[in-house]
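Each chain, written out:
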Amino acid sequence: MPVMSADGEVVGKIVDMWIDEPEQLVRYLEINLNEGGKRLVPMPMVKIWKDRVRINSLSSDLFAGVPTTKSASEVTLLEEDKISAYYAGGTLYGQAKRKGGSESWKP
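Residues numbered from 1 in each chain as written. Predicted model: local features only at pLDDT ≥ 70, side-chain atom pairs only at ≥ 80, totals over all residues. Heavy atoms only, no water.

A. Looking closely at the sheet that holds strand β5 (residues 47-48). The sheet built from six strands is open, its strands ordered β4-β3-β2-β1-β6-β5 with mixed pairing. The open sheet has two free edges, formed respectively by β4 (38-42) and β5, since each of these has just one partner strand. Bridging between strand β1 (residues 2-4) and strand β2 (residues 10-20) involves three bridges; their strand directions are antiparallel. Following the sheet pairing, Met4 is matched in β2 by Val10. (Pairing = 2+ DSSP bridges. Helix = DSSP H or I, 4+ residues; strand = E, 2+ residues; numbered from the N terminus.)

In structure tokens form, the structure reads like this:
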């Protein structure tokens, strides 16, 4: 399924799900980015539609900066914190680039 960012651009596609087996819960979706590389997205940050996955917290230019994992099959607690913080921080700091968002933000 294609992955759509907050600014409406398709940034990649979903290639895998990372499952927490003891909890019987999907924790992450794995994205193959159009510009190369793989990134994880936490499930609470995703909206799944029948034809696409939407991530409203990041604009298309920010996906390359999502922290990566050292292992291709495991994620450490520190890596989880970094990944989650990056997506959650995009909700605040990426606001100006969102579709329909204000172009300039001033405190």
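B. Structural detail: the environment of Ser59. Locating Ser59 in the fold gives a position in the loop between β6 (53-54) and α1 (77-93). Within the structure, Ser59 has its side chain in polar contact with the side chain of Asp61 (distance 2.5 Å). (Polar contact = N/O pair within 3.5 Å; in protein donor to acceptor, adjacent residues only side chain to side chain.)

C. How the structure looks around the nonpolar core. If you look at the biggest cluster of nonpolar residues, it comprises 18 residues, and the most contacted ones within it are Ile31, Val41, Ile55, Phe63 and Tyr87. Those elements that place two or more of their residues in this core are β2, β3 (25-33), β4 and α1. At four residues, β3 tops the list of elements feeding residues into this core. (Core = buried A, V, L, I, M, F, W, Y, C linked by side-chain atoms within 4.5 Å. Buried < 20%, exposed > 50% of the residue type's maximum accessible area, 1.4 Å probe, protein only.)

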